[in-house]
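Letter by letter, the chains look like this.
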Amino acid sequence: MTMWQVLILAAIACFALKLVGYLIPPALVSRPTPARVANLLTVALLAALISVQTLAHGQQVVLDARVPAVLVAAGLYALKVPFIVVVLSAAVVAAGIRALT
C-alpha cells in the first residue's frame, strides 16, 4: 500500500467513526453511566498520549529533558498559571536541561 492509500483509508475510517457517533441516540449518551464513561475515557486517552509522547522514543522508554518539563508543566497547571506561561516554562526547562547535557 502506498502512503496515499493509507491516508485515504484513515480518512474514511475517521469519517465512519464520526458518522457512527451521530447515529447513537441522544437518550443513550445522556444517561449517567455512559456520560461518565465517556468523560473518563477522554481523560485516560489524554493521559496515555502524554505518557507515550513524554517517555517513548521508538520502542524504548527514555528519560530525557521531556520528563522534568512535563512535571514543571503539570505543577504550574495545578497552580492555575496561565497556559502560555505553562508552555513557555516547560520549554525553558527542557531547553535548559538539553543545553547542560
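Please read all numbers here as calculations on a predicted model, not as lab measurements.

What counts, and at which threshold
- Residues numbered from 1 in each chain as written.
- Predicted model: local features only at pLDDT ≥ 70, side-chain atom pairs only at ≥ 80, totals over all residues.
- Heavy atoms only, no water.
- Helix = DSSP H or I, 4+ residues; strand = E, 2+ residues; numbered from the N terminus.
- Buried < 20%, exposed > 50% of the residue type's maximum accessible area, 1.4 Å probe, protein only.
- Salt bridge = Lys/Arg side-chain N within 4 Å of Asp/Glu carboxyl O.
- Contact = heavy atoms within 4.5 Å.

**Student:** Quick one: what's the story with the environment of Ser-89, residue by residue and with numbers?
**Tutor:** Turning to its location among the elements, Ser-89 is positioned in helix 5 (residues 83–100). Residue Ser-89 is classed as partly exposed on the basis of its relative accessible area, which comes to 22%. Spatially, the C-alpha atom of Ser-89 lies 9.8 Å from that of Val-70, the residues being 19 residues apart in sequence.

**Student:** Tell me about the pattern of salt bridges, and name the residues and values.
**Tutor:** By the definition in use, this model includes one salt bridge. Arg-66 serves as the salt-bridge partner of Asp-64, at 3.1 Å between the closest nitrogen and oxygen. Among the residues examined, Asp-64 registers a relative accessible area of 28% and is labelled partly exposed.

**Student:** Explain the side chain of Thr-54 to me, and be specific about the residues and the numbers.
**Tutor:** Mapped onto the secondary structure, Thr-54 falls in helix 3 (residues 32–55). Of the residues examined, Thr-54 reaches a relative accessible area of 10% and is grouped as buried. Look past the residues within four positions of Thr-54 in its chain and what remains in contact with it is Val-62, Asp-64, Arg-66, Val-67 and Val-70.

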